[in-house]
Structures are given as structure tokens and as C-alpha cells.
Amino acid sequence: MELNNVKDAGVTDDLATTVDVLIAGAGPTGLALGIDLARRGVRALLVERQDQLSRGARGTGLQPRTQEVYDDLGVLAAIQAAGGLFPKTARWENGRIAEISEMIERVDPTPAVPYSNGLMVPQFRNQELLLARLQELGGGVLLGTELTTFTQDSDRVTVRLRGADGVERSVRAGYLVAADGGRSTVRRALGIEMSGPSLPAGAAVLADVRVDGLDRDHWHRWNLPNNGFVALLPLAGTDYFQTFVVVGGATDTSPEAVRALLAAHTHLTAEQIREVLWSSLYRPKAGMADTFRDGRVFLAGDAAHIHSPAGGQGLNTSVQDAYNLGWKLGQVLRHGAPDTLLDSYETERRPIAARILDTSTRLHRSGSLRRGRDLHQLDIGYPGSPLTRELRTDLAEGVPVAGDRAPDAPCTTADGRPTRLFDAFRGPHFTLLTLGATDLDDTALPADPALLRVVRVGGPSPDLLDTGGHVRDAYGSGPAVLLIRPDGYLALAAPAEGATARVTAALGTYLGAGTAQAAR
């Protein structure tokens, strides 16, 4: 049975016994990783302990950088259609709106940053659309399938899975990725500890409710004594509100208790809470795993780091874990890159997780719900990574350097059709962007477009024309050769002279020495 033909079902007798990657957990992290691996032709099996995808709006904010990831994965258009911008906040006092404010900073898009504002999408809808994209690529999720135990050796990970029928079966995988949440079974089995800051004790009641008597143009908020509050966010694409109730001692999440809480702490009556669709108790936690890799097992998302929801960073950081790990697994499994490439996953992502953990913890302790452009994650990069090579000198201020995010830029094809750099970058390949005249010899490079695509901007034989000067504004005016990773970061930035040797050397890191040498 081909793994990419597995659809939503329990474990069956024809379950494949050998796969490239087994992913435990079908939240946004596991689904995003499944999509990235499927488009690379990697046989991945995605299993989920629950008998359905997680319910509840939960994490609703997709930051601009995550929207760029979704653009590349082919799901952004569906996400945009299902989502919307966060509304202004209306603060209530004595049964009337006392103040309206902009809690979420609005930022105008630019040629380099086409997605400039956070997008509100309920997490359950986010997951549904990610699953639909995975199914388009021939993949799916085995629901009601629990990872019980696993062992690993130098070649494989042997995983025991228990299906809805209670029967256990073994699957051998090249690698195991734990995307199974903050209480990760895999992390605990490995004995990996989590450490991090302590957050003030307390609990919050989360619920998705249908409500009469509130407009859907505002994020409604009631401030309570002792820093408590009630917030109701109208969820884009639905007719209900996400409810967050912070009241000392409130731990009952039954529909009756949710109605009583809202009636007690807002001007709404219990009868106006027409339906409680989902509810849960949230206790603030923060921490990060002491390591993100143990042999052939990787931790990603909440299994690797747990954040306060303040600032809307956790889900976004988790999806980008998957995006970082996915292309590296693809290079190792499909293109002969050394296994040591996978060490860079922890090297690159753990400092990012630590930084985001500090940010979300600071916002949580301050009680601030403000979200500005500093939370958009567009400034995340890997300048100190062992995969990063900046070989240029005398750069103008503001020019992206190796390790930085590769900006977008509108341009045209050689025959005048409008396009953009993100169109050239989209896909599982590396992109070699040459700016102006260079001495690059294409014949010395891999010819497989699934591995590498050369895109010339300007110069004697251009693929793209910088008709509006946006490429120049984004990348600088000087000629250069830029190797852009599949996850949209500059891996190599080199001068125009001697480009062929420098690019070939860099590709050896990502493609394996045999692949790079075969092109010579």
C-alpha cells in the first residue's frame, strides 16, 4: 500500500509496514509537515490519536510569515477565503461600549511583504484546509490511531500503533517526528525534559459559542477585578464567537457553567448564549524541550515548545518548525544529502523557539493583548546557521544577507507577463537567483528542476525583468548570485565573479556530494 494513498480511516490490515517518515499528531504542525513531505515524494504516514481532528477555534492568528509558508504549500488562497482581519476591540462598561481601540496593528502591504497583517482563521478550519491540501497531494491521516511505543536503531525507528479496533501493529520508519502536543508521548518516552519560565498560576475557560445581542464588527472585552477579563471574538467564516474567560476559580467548562460565567461577568444573559459548541480549560504553561532531536526522532511544535497564547506566536512557530524540517528530510531521503543536514533543524529552530518563548512570556506577564508588526515573524532568520554563507563585502545598508528571509518583488517575464519572485520560489526546489550579469555556468549545476531552478533577473539572457525596480529595492543594485532555500531563506549570497564554484560548493551541503558532482 502506498502511504500517500492513505485517507481518513482507522488502522487496517493493509497498513504499510515501512515508510520514510512517521508523523505522530495531526494538528497544524503535523499536517503542514505532511504536505511538505508529500510534495517531495516522501512516503509519510500521519497518525492521530483522536478519532477526529481537534475541535475548537484555539489558535486563531496566522502571522504574515506563516501566510508566506502557506503560499508556498499551496493552501493560502483557501485560508484567505476562510479568514479575515481581526476587528477593533470594543471595551464594555455598564452595558455599553465605553471605548473602541485597535489592538491589532494594521500594516500596509509592500512589494517585498505582500502579506502584512495577521489573518484570523479558527484553528479547526485551518486544520480542515491543511488536510484538504494534503489529500490533494495524495496523503491523509489515520484517525483513531495511537502511537504506543517505539524503539530506534542506527537505520530505522520501529513504532507500535494501536488502532480504533484495539489491535497493535508495527511500522518501520526512517524517521519519527513527534507533533503530538505539549503532553507528547514521544518526548516523554525519550526522557527529554522541558525547562522554561514559570507563569502566574491560574486558569481560563475557553469556549466557542453562538450569541445573540453582540455585533460581529468588534472584539468584545469586559475588564474585571484582579486583572480578570472576558473576551468574545467573532470568528471569521462562522456565526459564532471565541470566548476567553479569565476569572479566579473558574474551572467548570460545562455548557451551563459557560453560560453562567458570561451572564455573571458581562451584560449578556444566559439565554443569549444560544449554544456552546466546544469548551476547554486552559492553564498557562511555558517551556522548551532540552533537545529537539534524539537519533532518528525529532520534536516539533508544542512537543518541542509550549507558549502562552499572548501575541499569537505558538501555532505560527510550530508550523515553521515543520517547514524547516520538511525540506531537510526531503533532501536526505530523496537527494542524497548527509544525515548531518538534519542536525541543523535544532541548531536553527531552538534559538527561534527560545526567542518566541521569551516574547510570549513577557506579553503574558504584562497582561498586554497588543499585537504589532514585531510579532509578524518576518524578521526571523538564520544568519548564524552552519548552512549560511555570506561571501559579499561592502553591502549597502538594508540589503538582505545570507540567513535572512528572501523578500518578494513584482516583476515581469521576458515576454512582459506580470509575475513575482514568490512565484519563482514556490515549490520544493532551491532557487538560484542571479541579479545582473554574472559568470555562472548553468551546465555545471544539477539540471533537475525538482532540485534547483535558475532564475536570471536582468543580464544578457534574463528570465525576469525588474521593470518596476522592486527587485533592486529588495535585494540591492549590485550583481550577485543568491541561493534561496526551499523554506525561503538566503542560503548563499556571493558576488557575480566566481559564482559557479561557490554555488557548486554550497549545493554539496544540501544535495549530497554525488548529486552536485554529477552535474559537472
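Everything discussed here concerns the structure shown above.
Keep in mind it's a predicted model, so treat the numbers as computed, not measured.

Sheet architecture is open: seven strands sit in the order β5-β4-β13-β14-β15-β12-β16, paired in mixed fashion. Two strands in the sheet have a free side with no partner beyond their single neighbour: β5 (96–101) and β16 (273–282). Ignoring strand direction, the axes of neighbouring strands in this sheet form an average angle of 25 degrees. Relative to strand β13 (residues 218–223), strand β4 (residues 88–93) runs parallel, the two sharing four bridges. From the neighbouring strand, Arg91 faces β13, where its bridge partner is Arg221.

To continue, consider the sheet that holds strand β11 (residues 194–195). Strands sit in the order β11-β17-β20 across an open sheet of three strands; the sheet is antiparallel. Of all the strands in the sheet, the pair left with one neighbour each is β11 and β20 (305–306). Sheet analysis places β11 next to strand β17 (residues 287–289), joined by two bridges and oriented antiparallel. Paired with Ser195 across the strands is Met288, a residue of β17.

Helix length check: helix α4 (residues 123–136), at 14 residues, gives a terminal C-alpha distance of 20 Å against a target of 20 Å (1.5 Å per residue), a fit within 8%. Where α4 is concerned, the buried positions are Gln123, Phe124, Asn126, Gln127, Leu129, Leu130, Leu131, Arg133 and Leu134. Positioned one or two residues after α4, Gly138 has a phi angle of 95 degrees, which is positive.

Going through the model one piece at a time under the given rule, you end up with 13 aromatic pairs. Taken together, a centroid distance of 6.0 Å and an interplanar angle of 15 degrees make the contact between Trp92 and Trp222 stacked. Taken together, the positions of Trp92 in strand β4 and Trp222 in strand β13 put the pair 130 residues apart, joining distant regions of the chain. Taking relative accessible area as the criterion, Trp92 reaches 13% and is therefore assigned buried. Trp222 sits in the buried class, given a relative accessible area of 5%. Their ring planes at 45 degrees and their centres at 4.9 Å tell us that Phe430 and Tyr510 sit as a pair that is tilted. Separated by 80 residues along the polypeptide, Phe430 in strand β24 (residues 430–435) and Tyr510 in helix α11 (residues 499–511) bring together distant segments of the chain. For the pair formed by Phe430 and Tyr510, the shared burial category is buried. Grouping aromatic residues by their ring pairs yields a cluster made of Tyr175, Phe292, Phe298 and Tyr345. When the ring centre of Phe229 is taken as reference, the NZ or CZ atom of Arg221 above it lies at 4.1 Å. Stacked on the ring of Tyr175, the Lys or Arg Arg296 has its end atom at 4.7 Å from the ring centre.

In this section: the pattern of salt bridges. Within this structure, the stated rule accounts for 34 salt bridges. The salt bridge partner of Asp72 is Arg39, with a shortest N-O separation of 2.7 Å. Within this pair, whereas Asp72 is found in helix α2 (residues 64–73), its partner Arg39 is found in helix α1 (residues 28–39), the two being separated by 33 residues in sequence. Of the two residues, Asp72 and Arg39, neither departs from the other in class, the shared state being buried. With its nearest N and O atoms 3.1 Å apart, the salt bridge here joins Arg162 to Glu146. Of this pair, Arg162 sits in strand β9 (residues 157–162) while Glu146 sits in strand β8 (residues 146–152), and the two are 16 residues apart along the sequence.

So, about the nonpolar core. Judged by nonpolar contacts, the single largest core of 116 residues is most densely connected at Leu22, Leu433, Tyr475 and Leu483. Excluding anything up to four places from it in sequence, Leu22 contacts Leu45, Val47, Leu147, Val159, Leu161, Val171, Ala173, Tyr175, Leu176 and Val177. Val211, Phe241, Ala250 and Ile273 belong to the second largest nonpolar core, which has 21 residues in total.

Here is what the cut-offs are and how they apply
- Residues numbered from 1 in each chain as written.
- Predicted model: local features only at pLDDT ≥ 70, side-chain atom pairs only at ≥ 80, totals over all residues.
- Heavy atoms only, no water.
- Pairing = 2+ DSSP bridges.
- Helix = DSSP H or I, 4+ residues; strand = E, 2+ residues; numbered from the N terminus.
- Axes fitted to C-alpha atoms, helices over the stretch in contact; angles between N-to-C directions.
- Expected span 1.5 Å × (residues − 1).
- Buried < 20%, exposed > 50% of the residue type's maximum accessible area, 1.4 Å probe, protein only.
- Phe/Tyr/Trp six-rings, centres within 6.5 Å; stacked < 30°, edge-to-face > 60°.
- Lys NZ or Arg CZ within 6 Å of the ring centre and 35° of its normal.
- Salt bridge = Lys/Arg side-chain N within 4 Å of Asp/Glu carboxyl O.
- Core = buried A, V, L, I, M, F, W, Y, C linked by side-chain atoms within 4.5 Å.
- Contact = heavy atoms within 4.5 Å.

Nothing here speaks to function; it is all geometry.
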